[in-house]
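Coordinates in review
Single-letter residue listing:
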Amino acid sequence: MDIVRLPDSVASSLEKRILEGSLRAGERLPPERELAEQLGVSRPSLREALQKLAAKGLVRTRQGGGTVVTDRLQASFVDPWRDMLSGHPTLQHDLLEFRHMLEGQAAQLAAERANDFDIERIDAAFNTLEAAYEHGDLEVCIKADVDFHQAVAEASHNVLIAHLSASLHRLIHDDVERNLRYLHGHPGKWRQLREQHHEIWAKTRARTPQAAAAAARNHITFVQTTMSETALEASRLESAKRRVRSESQAP
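Residues numbered from 1 in each chain as written. Predicted model: local features only at pLDDT ≥ 70, side-chain atom pairs only at ≥ 80, totals over all residues. Heavy atoms only, no water.

Some points on empty space enclosed by the protein
Per the counting criterion, the structure on display carries two cavities of 30 Å³ or more. By volume, the largest cavity amounts to about 80 Å³. For the largest cavity, the full set of lining residues is R99, D145, V176, N179, L180, L183, L193, H219, V223 and M227. Put simply, the parts of the chain that give the lining of the largest cavity at least two residues each are helix 9 (173-184) and helix 11 (209-249). When residues of the lining of the largest cavity are assigned to their parent elements, the largest contribution, four residues, is made by helix 9. Lining the second largest cavity are E103, A106, A107, H149, V152, A153, S165, I200 and A216. Taken together, the residues of the lining of the second largest cavity sort by class into six nonpolar, two polar and one charged. (1 Å grid on protein atoms, 1.4 Å probe; cavity = no way out; pocket = protein on both sides within 12 Å on 5 of 7 lines; lining within 4 Å. Points joined across faces, edges and corners; volume = space filled by probe spheres on them. Helix = DSSP H or I, 4+ residues; strand = E, 2+ residues; numbered from the N terminus. Nonpolar A, V, L, I, M, F, W, Y, C, P; charged D, E, K, R; others polar.)

Observations concerning the pattern of salt bridges
For the coordinates displayed, the defined rule picks out 17 salt bridges. Here E32 makes a salt bridge to R47, at a shortest N to O gap of 2.5 Å. Linking E32 in helix 2 (residues 32-39) with R47 in helix 3 (residues 43-55), this pair joins segments that are 15 residues apart in sequence. With a closest N to O distance of 3.0 Å, E177 and R181 form a salt bridge. Of the two residues, E177 and R181 are both situated in helix 9; the distance of four residues between them amounts to about one turn of the helix. Accessibility expressed as a relative area gives 37% for R181, which makes it partly exposed. Connected via shared salt-bridge partners are R5, D8, E48 and K52. (Salt bridge = Lys/Arg side-chain N within 4 Å of Asp/Glu carboxyl O. Buried < 20%, exposed > 50% of the residue type's maximum accessible area, 1.4 Å probe, protein only.)

Section: the packing of helix 9 against helix 10 (residues 187-205)
Between helix 9 and helix 10, the least distance of the axes is 7 Å, while the angle of their chain directions is 120 degrees. The orientation of helix 9 relative to helix 10 falls into the category oblique. On helix 10, the residues that touch L180, Y182, L183 and H184 of helix 9 are P187, K189, W190 and L193. In the contact of helix 9 with helix 10, the residues fall into six nonpolar, one polar and one charged. (Axes fitted to C-alpha atoms, helices over the stretch in contact; angles between N-to-C directions. Parallel < 35°, antiparallel > 145°, perpendicular 65-115°, else oblique. Contact = heavy atoms within 4.5 Å.)

Structural notes on the layout of surface pockets
To locate leftover empty space, one rolls a probe as large as a water molecule over the atoms. When its volume is computed, the largest pocket comes out at roughly 370 Å³. In terms of lining residues, the largest pocket is bounded by 22 residues, among which R24, A25, Q74, Q150 and A166 are the most central. Of all the secondary-structure elements, those providing two or more residues to the lining of the largest pocket are helix 1 (6-20), helix 4 (72-87), helix 7 (138-154) and helix 8 (159-171). Within the lining of the largest pocket, the residues separate by chemical class into ten nonpolar, six polar and six charged.

Quick look at the nonpolar core
If you look at the biggest cluster of nonpolar residues, it comprises 45 residues, and the most contacted ones within it are I122, F148, L171, L180, L183, W190 and L193. In this structure, L183 is in contact with K189, W190, L193, F222 and T226, ignoring residues within four places of it in sequence. With 16 residues, the next largest nonpolar core counts L23, L29, A49 and V59 among its residues. (Core = buried A, V, L, I, M, F, W, Y, C linked by side-chain atoms within 4.5 Å.)

Quick look at the structure:
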């Protein structure tokens, strides 16, 4: 019978917290003495456990700055695809198609599996988003939009969905921001966007899996359409600017 060493057990426990998202990228762990007391282990055992996590690239210890959770689980996905997207713009369609599947599944599982703590987090994220809509605060809305979708993804209780969701939002952050700015300038579409988030929230909270999935998929279809409109508008704007520059330089 294999005997699990205490440092291995501690490392596994901390690793699980990183996977489930209760320890997030960029988060600083409590001081060594405090964390050892929380886990009920000696400081040498904790130190060895942290060394194991550091060897996997999951945490980083900074001289005089404590131990911080890295973004390795996201960065290993995001970095190569970011380069691909910049060189192959047509991949944007494939990315949104994948997001369509992912967020629909996330909402469905969240409606099935969310516990009271998950619903509380989703409610808080939705209320922040609603307040941003109400006050017309675009900057807050951009962050609140991502936080709301991530809260739903984490309520799916599927660690791959949660981490892929976070990675996708990092990957398409600039496009999402550009699209939200476009929608903000079109009141009718902005109102549709607000209604879609309300629908996802209501169906997830009502624990109706199929309806929640449909609401999430409808939202991404809307995003796909408006992103195409945003790109077309940007192309027309650049074309108009080129004509103006050409005319100003004409003899």
